[in-house]
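Below, each chain spelled out in residue letters.
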Amino acid sequence: MIDEFAQIIWDYHHLNHKLEKADLILALGSNDLRVADWAAEVYRQGWAERLMFSGNVGALTRGKFAQSEAETFADIAVSKGVPREAILIESESTNTGENIAFSRRVLAAHKLDPQTIIVVQKPYMERRAYATFMNFWPGKRLILTSPPISYADYFTAELPKDLVINIMVGDLQRIRDYPAKGFQIAQEIPDDVWQAYEKL
């Protein structure tokens, strides 16, 4: 039953946006290196000419990487064939709000003002990233995408099922509570999704 309820929440966190041509691919750092792989693949498919990585060190990556999440992800992208000169790095942020604020600062320094942005995130964090971006960076066309991995196939030694479920449940609670705090735009939560939250 746990998997059944978790699958409902997993599906809710997915926005199922279709990729389209954009001005920028912006990948958010994390402990899931598959996000870097997917960001590189989206770039190599030609969806944008610039690829940006954002993130310093978070609770799940402290002591794991030799450098910031953004720099670690950028090295992976280069190893996958992305030209180093196509990459921008923002390596100070420690949460999604800072990802946005500090990335905007780096883009402004390069005289870039992307109108359509492909945001790359972990599969179960698409919706919260979208709600945060829409709140703090209004007026942009956002396309959310994540590594195409199913719930059943997602878990690893670094991202075990119990940890991922806890994060998903916590993010659902933030989706409910954060709009009132001014951190996100409001998102409708269907009854079956909230019931799955309460069961978990």
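Everything below is about the structure shown above.
Heads up: these notes are all about the structure in this document. (Residues numbered from 1 in each chain as written. Predicted model: local features only at pLDDT ≥ 70, side-chain atom pairs only at ≥ 80, totals over all residues. Heavy atoms only, no water.)

1. Things to note about the environment of R44
Phase 1: Residue placement: R44 occurs in helix α2 (residues 34-44).
Phase 2: Under the relative-accessibility criterion, R44 is labelled exposed at 51%.
Phase 3: Through-space distance from the C-alpha of R44 to that of A77 is 9.7 Å; in sequence the pair is 33 residues apart.
Phase 4: If we skip the residues at most four places from it in the chain, R44 touches K80 and V82. (Helix = DSSP H or I, 4+ residues; strand = E, 2+ residues; numbered from the N terminus. Buried < 20%, exposed > 50% of the residue type's maximum accessible area, 1.4 Å probe, protein only. Contact = heavy atoms within 4.5 Å.)

2. A few points about the sheet that holds strand β1 (residues 24-28)
Phase 1: Strand order across the open sheet formed by 5 strands is β3-β2-β1-β4-β5, with parallel pairing between neighbours. Strand pairing shows two members of the sheet lacking a second neighbour, β3 (87-90) and β5 (141-145), which therefore form its edges. The average angle at which neighbouring strand axes cross in this sheet is 20°, direction not considered.
Phase 2: With 4 bridges connecting them, strand β2 (residues 51-54) and β3 associate as parallel partners. Paired with F53 across the two strands is I89, which belongs to β3.
Phase 3: The strands that helix α5 (residues 126-136) touches are β1, β4 (116-120) and β5; relative to β5, the one it contacts most, it runs at about 165°. (Pairing = 2+ DSSP bridges. Axes fitted to C-alpha atoms, helices over the stretch in contact; angles between N-to-C directions.)

None of this, on its own, says anything about what the molecule does.
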